[in-house]
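# Descriptive analysis of the structure
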Amino acid sequence: LHLMRPRVEGWTTPVCLCSALEGRGLPEAWAAVTAHAEAVRAAGVFEARRREQSLRWMWTEVHERLLARFDADPAVATLRARLEDDVASGRTSPTHAAEQLLAAHRVDAEPPG
């Protein structure tokens, strides 16, 4: 009975019983771990996941640095508290407030630090 699809084509997760305390089943459990690693690499899944992780990391860096520059812009700081209050009280929409903040941001602003 399988409740979930395998994440790696051709790999079925084995059930292993082991006890470090009693010293039983450890070689079999480790053999399952290494067999899984080999199956993941053979299927190209390891490399694909690594590429996806690298791309996510790159875009996280871009987002964090853009946000840091945005937050460091004095024009944004001047409007921020008022617009947050306007959005929280319902006086303006989140979209309109975001447009105002983005319009106030100087794209050529120097990076912080």
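Higher on the page you've got the structure.
Residues numbered from 1 in each chain as written. Predicted model: local features only at pLDDT ≥ 70, side-chain atom pairs only at ≥ 80, totals over all residues. Heavy atoms only, no water.

## Side note on helix 3 (residues 74–89)
The periodicity of an α-helix, 3.6 residues per turn, causes residues three or four places apart in sequence to face the same way. Operational definition: Counting from the N terminus, the helices are the DSSP runs of H or I reaching at least four residues and the strands are the DSSP runs of E reaching at least two. An expected span of 1.5 Å times one less than the residue number is assigned to each helix. The quantity called bend is, for any residue, the angle between two axes fitted respectively to the seven residues ending at it and the seven beginning at it. Residue exposure (1.4 Å probe, protein chains only): buried if accessible area is under 20% of the type maximum, exposed if over 50%, otherwise partly exposed. It only takes one pair of heavy atoms within 4.5 Å for two residues to be counted as in contact. N or O atoms closer than or at 3.5 Å make up a polar contact, with two conditions inside protein: a donor-capable atom paired with an acceptor-capable one, and, for residues adjacent in sequence, both atoms drawn from side chains.
For helix 3, with 16 residues, the first-to-last C-alpha span of 24 Å sits near the 22 Å given by 1.5 Å per residue. Arg80 marks the point of greatest bend in helix 3, at about 40°. Of the positions making up helix 3, those classed as buried are Val76, Leu79, Leu83 and Asp86. In this structure, the buried residues of helix 3 make contact with helix 2 (45–72) and helix 4 (94–104). Looking at where helix 3 begins, the residue whose side-chain oxygen comes 2.9 Å from the main-chain nitrogen of Ala75 is Asp73. Of the residues one or two after helix 3, Gly90 is the one with positive phi, at around 85°.

## Re the packing of aromatic side chains
In plain terms, the rule: Ring pairs are drawn from Phe, Tyr and Trp, using the six-membered ring of Trp, whenever the two centres fall within 6.5 Å, and their geometry is named by plane angle: stacked under 30 degrees, edge-to-face over 60, tilted for the rest. Distance and angle both matter: a charge sits over a ring if NZ of Lys or CZ of Arg is within 6 Å of the ring centre and within 35 degrees of the ring normal.
With the rule as written, the count across this model stands at zero aromatic pairs. One Lys or Arg, Arg41, reaches over the ring of Phe46 and ends 3.8 Å from the middle of that ring.

## Focus on the environment of Arg56
Relative to the assigned elements, Arg56 resides in helix 2. With 19 residues separating them in the primary sequence, Arg56 and Ala75 have C-alpha atoms 30 Å apart.

## Observations concerning the side chain of Asp86
Residue placement: Asp86 occurs in helix 3. Setting aside residues up to four positions removed in sequence, Asp86 forms contacts with Arg91 and Thr92.

## Re the pattern of salt bridges
What counts, and what does not: Criterion for a salt bridge: a side-chain nitrogen of Lys or Arg within 4 Å of a carboxyl oxygen of Asp or Glu.
The tally for this structure, following the rule as stated, stands at eight salt bridges. A salt bridge links Arg41 to Glu47, with the nearest nitrogen and oxygen atoms 4.0 Å apart. Judged by its relative accessible area of 46%, Arg41 is partly exposed. Since its relative accessible area comes to 34%, Glu47 is described here as partly exposed. Across the pair Arg80 and Asp71 runs a salt bridge, and its minimum N-O distance is 3.1 Å. The exposure class of Asp71 is partly exposed, given its relative accessible area of 35%. Salt bridges here are not isolated pairs; linked through shared partners, they connect Arg82, Asp85, Asp86 and Arg91.

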